[in-house]
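What follows is the residue order along each chain.
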Amino acid sequence: MNRRHFFTTAAAFACAPQLRAAEHDLVIHGGRVIDPGRKIDALLDVAVRGGRIAAVRAGISASSAAQAIDARGQIVVPGLVDIHLHARDAQLAPPEILSTGVTTMVDAGSRGADNVDQLIDIARNAPNRMRILLNIARLGNNPGGRGEFLDSLEPADVAKARAAIQKHRQWIVGIKARLSRGVSAERDLDVLRRAVQAAGPLPIMIHIGDTNSPLPQVLALLRKGDIVTHMYAPTQHGIMDANGQVLPEVRLARRRGVRFDFGNGLNEHWSWEVAESGLKQGFPPDTITSDLVYQAGADQVFDLPTVLSKFLQMGMPLSQVLACATSSAAATFRDLSSYGSLRPGAPADISVLELTQGNFEFVDNYKGKRLGTQKLVARAVVAGGKRVA
Ligand SMILES: [Zn+2]
């Protein structure tokens, strides 16, 4: 190439707008941006570059980006974080969960030390960020089978759980223990002690409702950062006393840093009455989660935005509901602390939700129904800076 030809070509490049390097990879423009962790709720644009949030402000030109999403009339939030679901079923593929706006998820106890490899394969191949709470039972949840500890405490193998954590530290973020009588019989406190031993500095999530021991005895063994799921279970030894008042020990546990998770699920995990009473008494969840399993995709739960909508129906403000599935959820685990936020520099995981208006029926675990007029629906999802098809 001679010198003259070079300059002509360079000039041609400079003039052709389609060949100019875009300032941003993606701009989501015109939406109502709600970033609960930073107390932002305003009409703003979000720019993404190199897989990270580049800017959140008004007036970012859509033409400055290689790709644009028109979010007018919609809500732009950090990618949703569901810290209690089950991704073990082949029929419930992570891409499908991602399409509902969940860019980060934690499988809560589907597998234990003896069979966690299968789940780690799923996590490795998932297009969303997936982490694992290892079940203290070495074979994990045993759906449809006998409870993990009905016969003996033997499946709660501390050494095996510790070895699995050590080997898979980048995937395992804590320990899960199911303490209901159908799982742990009268061994709930022993199972819990073993879970704490296995977890070391990592948090544990316990599943309550119909435990053998009163909740205050269970809570006494929990540490700051540990998580109680199925907080609104109406079965025996829940968070309330016989008169329906939140127990003082439960409030005390929250004050010293124990976290309370919703965990929708399918069976005996919550009723409208307990949830509404808890909210009315000033005891809302720290995290709202689906406890999704394959069957729940078509029954009661459907997806995380639907579960969040149930709290809108119960009168919780939108920004607080969203915090329970973004900033507060991400804060549960140190490994997830960079997610759940639209702060510049954060990984560009973003969900565009629509708050649809109409008449919607929502269901609890006892076939109780409530009618709502608003329902959140995922309209677009960005994971690691890339729009998901
Ligand atoms: Zn669960």
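See above for the structure.
Residues numbered from 1 in each chain as written. Predicted model: local features only at pLDDT ≥ 70, side-chain atom pairs only at ≥ 80, totals over all residues. Heavy atoms only, no water.

**Overview of helix 3 (residues 116-125)**
Quick note on the threshold: Relative accessible area decides the class of each residue, using a 1.4 Å probe on protein chains only: under 20% of the type maximum gives buried, over 50% gives exposed, and in between gives partly exposed. Elements are defined by DSSP. Helices are runs of H or I of four residues or more, strands are runs of E of two residues or more, and each kind is numbered from the N terminus. The directions from the helix axis to the C-beta atoms are what the arc is built from. The contact criterion used throughout is that any non-hydrogen atoms of two residues lie within 4.5 Å.
Where helix 3 is concerned, the buried positions are Val116, Leu119, Ile120, Ile122 and Ala123. Down the axis, helix 3 shows its buried residues gathered within 155° of arc, on one side only. Where helix 3 is buried, its residues touch helix 2 (94-98), strand 7 (102-112) and strand 8 (129-135).

**Considering the packing of aromatic side chains**
How we decide: Here a pair means two rings of Phe, Tyr or Trp (six-membered ring of Trp) with centres within 6.5 Å. Their orientation is stacked below 30 degrees between planes, edge-to-face above 60, and tilted elsewhere.
Under the counting rule described, the total for this entry stands at five aromatic pairs. Taken together, a centroid distance of 4.8 Å and an interplanar angle of 90° make the contact between Phe262 and Phe311 edge-to-face. Taken together, the residues span a long stretch of sequence, with Phe262 in the loop between strand 12 (259-260) and helix 9 (272-280) and Phe311 in helix 10 (residues 304-313) at a distance of 49 residues. The residues Phe262 and Phe311 share a single accessibility class, namely buried. Clustering of aromatic rings is evident, with ring pairs tying together Tyr232, Phe262, Trp270, Trp272 and Phe311.

**Digging into the coordination of the zinc ion**
Ideal coordination angles are 109.5 degrees for a metal with four donors arranged tetrahedrally and 90 or 180 degrees for a metal with six donors arranged octahedrally. Just so we agree on the cut-off: Because water is not among the atoms used, a metal site may look incomplete, as its donors are only the N, O and S atoms within 2.8 Å, or 3.2 Å for Na, K and Ca.
Coordination of the zinc ion by the protein involves His84 (NE2), His86 (NE2) and Asp291 (OD), with metal-donor separations of 2.1 to 2.3 Å. Each donor residue of the zinc ion belongs to the same chain, with the gaps between them written as H-x1-H-x204-D. In this pair, the class of His84 matches that of His86, namely buried.

**So, the pattern of salt bridges**
The condition that has to hold: When a carboxyl oxygen of Asp or Glu lies within 4 Å of a side-chain nitrogen of Lys or Arg, that pair is called a salt bridge.
Summed over all chains, the structure comprises 19 salt bridges. Note that Asp226 is salt-bridged to Arg223, the shortest N-O span being 2.9 Å. Judged by relative accessible area, which is 0%, Asp226 ranks as buried. Salt bridges linked by common partners bring Asp114, Arg138, Glu154 and Lys160 together as one network.

**Structural notes on the sheet that holds strand 6 (residues 80-85)**
Just so we agree on the cut-off: Two strands pair if DSSP finds at least two bridges between them.
Strand order in the open sheet formed by seven strands is 6-7-8-9-10-11-12, with parallel pairing between adjacent strands. On the outer flanks of this sheet lie strand 6 and strand 12, each paired with one strand and no other. Where strand 7 meets strand 8, six bridges bridge the pair, whose relative direction is parallel. Of the residues in strand 8, the one forming a bridge with Met105 is Met130.

**Thoughts on the environment of Pro344**
For Pro344, the position within the fold is in the loop between helix 12 (327-330) and strand 13 (350-363). Residue classification places Pro344 among the partly exposed positions, given a relative accessible area of 45%. Sequence spacing of Pro344 and Val46 is 298 residues, and the spatial spacing of their C-alpha atoms is 9.4 Å. Not counting chain neighbours up to four residues away, the residues in contact with Pro344 comprise Arg38, Ile53 and Ala54.

**Topic: the layout of surface pockets**
Rules: Both site types are read off a 1 Å grid over the protein atoms alone. A 1.4 Å probe that fits but cannot get out defines a cavity, while an open set with protein on both sides within 12 Å along at least five of seven lines defines a pocket; lining residues have an atom within 4 Å of a point. Grid points are joined across faces, edges and corners, and a volume is the space filled by probe spheres set on the points. Following the grouping adopted for this structure description, the nonpolar residues are Ala, Val, Leu, Ile, Met, Phe, Trp, Tyr, Cys and Pro, the charged ones are Asp, Glu, Lys and Arg, and the polar ones are all others, Gly among them.
Taken as a whole, the largest pocket holds about 710 Å³ of empty space. Along its surface, the largest pocket is lined by 32 residues, and Asn141, Arg178, His207, Asn267 and His269 are the ones closest to its centre. Of all the secondary-structure elements, those providing two or more residues to the lining of the largest pocket are strand 9 (172-178) and helix 5 (181-184). By residue class, the composition of the lining of the largest pocket is six nonpolar, 17 polar and nine charged. By volume, the second largest pocket is sized at about 260 Å³.

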